[in-house]
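Structural overview
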Amino acid sequence: MNLYLRYFDNETLVSNVEEALDFLSNIDEIGMNPVLEADIRDYVASDVLYPKRYKIRPRVYFIIIKTEAPTMLDFKEKRAVRPGEGAEVKTRVTSSAIMRLNEERDGWYEGTIDFKRVLMVPGTGKFQYRDTHFVAQVRAFSGMDCYNRIVDHLRQRVDERSQFPSAKGKNFKFVYLGKAKEMA
């Protein structure tokens, strides 16, 4: 396992903790000390795979990332990205959700969308974004058509600065109700 270290424009890819500590000790602003050195050694020895960020002063950090990349070019081009457990399952679920969204089934759909609506604050006359939940039953040919019809409807009735989520995201859901809508 290699280590990628970066502090502003100073960056390197090293193969062990000793090389990493040498790199960091050559940067005066970091101020290597025994506590920082011990923490870096613990991080490198641990099973933790997420990047580690160390604070130098307010809003100034250096980072260490564990990687399988053998060269800096491979690291930069993300050739050694380690897929997380379940990445294959997530890809399958995402692709099936997109397929479901585009599947053509003429009939009634109930679409639910959570979007950012621009509203004026009465006391100040200023505008702000408000999370808004909207549900509608529409006649459509697919989940995507349902999304488009709901968004078109809302665009005619809310401030043009309102923000709508992607149909592929978690803020839009739809349910196929069937060919004929029962009136209650």
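Whatever comes next refers back to the structure up there.
The following refers to the structure shown. (Residues numbered from 1 in each chain as written. Predicted model: local features only at pLDDT ≥ 70, side-chain atom pairs only at ≥ 80, totals over all residues. Heavy atoms only, no water.)

Quick word on the overall build of the chain
When helices and strands are tallied, the chain shows 5 helices and 7 strands. Along the chain, helices and strands appear, N-terminal first, in the series β-β-α-α-β-β-α-α-β-β-α-β. For the chain, the residues scored as buried account for 31% of the 184 residues in total. Within the chain, contacts between residues separated by at least 24 positions form 54% of all contacts whose residues are at least 6 apart in sequence. Only carbon and sulfur atoms are counted for the fraction: they give 51% of the accessible area of the chain, which is about 12800 Å². (Helix = DSSP H or I, 4+ residues; strand = E, 2+ residues; numbered from the N terminus. Buried < 20%, exposed > 50% of the residue type's maximum accessible area, 1.4 Å probe, protein only. Contact = heavy atoms within 4.5 Å. Areas by Shrake-Rupley, 256 points an atom, 1.4 Å probe, with all protein chains shown as cover.)

Focus on the pattern of salt bridges
Applying the stated criterion to the full structure yields 8 salt bridges. Asp145 is the partner of Arg149 in a salt bridge, and the nearest nitrogen-oxygen pair spans 3.1 Å. Taken as a pair, Arg149 and Asp145 lie in helix H5 (residues 143-155) at a separation of 4 residues, close to a single helical turn. Judged by its relative accessible area of 38%, Arg149 is partly exposed. (Salt bridge = Lys/Arg side-chain N within 4 Å of Asp/Glu carboxyl O.)

Let's talk about the packing of aromatic side chains
Enumeration according to the criterion identifies 8 aromatic pairs in this entry. An angle of 55° between the planes, with centres 6.0 Å apart, marks the rings of Tyr109 and Phe174 as tilted. Of the two residues, Tyr109 sits in strand S5 (residues 107-120) while Phe174 sits in strand S7 (residues 172-178), which places them 65 residues apart along the sequence. Here Tyr109 matches Phe174 in class, with each residue buried. With 4.9 Å between their ring centres and 25° between their planes, Phe115 and Phe164 make a pair best called stacked. A residue pair is termed long-range when its members are at least 10 positions apart, and Phe115 in strand S5 and Phe164 in the loop between H5 and S7 qualify at 49 residues. Like Phe115, the residue Phe164 is buried in the burial classification. Positioned above the aromatic ring of Tyr43 is the side chain of Lys66, whose terminal nitrogen or guanidinium carbon lies 4.8 Å from the ring centre. The ring of Phe127 is capped by Arg161, whose NZ or CZ atom sits 4.4 Å from the centre of that ring. (Phe/Tyr/Trp six-rings, centres within 6.5 Å; stacked < 30°, edge-to-face > 60°. Lys NZ or Arg CZ within 6 Å of the ring centre and 35° of its normal.)

Some points on helix H1 (residues 17-25)
Among the residues of H1, Val17, Ala20, Leu21, Phe23 and Leu24 are the ones counted as buried. On an axial view of H1, the arc spanned by its buried residues comes to 160°, and they lie on one face. Looking at the packing, one finds that the buried side of H1 touches strand S1 (2-7), strand S2 (10-14), helix H2 (34-45) and strand S4 (60-67). Regarding H1, its N-cap is Asn16, as a side-chain oxygen of that residue lies 3.1 Å from the backbone nitrogen of Glu18 further along. (Arc of directions from axis to C-beta. Polar contact = N/O pair within 3.5 Å; in protein donor to acceptor, adjacent residues only side chain to side chain.)

Focus: the nonpolar core
Grouped together as the largest cluster of nonpolar side chains are 18 residues, with contacts concentrated most on Leu5, Leu24, Ile30, Ile40, Tyr54, Phe62 and Ile64. At the level of elements, S1, H1, H2 and S4 are the ones that each hand at least two residues to this core. The biggest single contributor to this core is H1, with 5 residues. Look past the residues within four positions of Leu24 in its chain and what remains in contact with it is Leu5, Ile30, Met32, Ile40 and Phe62. With 17 residues, the next largest nonpolar core counts Leu101, Cys146, Val151 and Phe172 among its residues. (Core = buried A, V, L, I, M, F, W, Y, C linked by side-chain atoms within 4.5 Å.)

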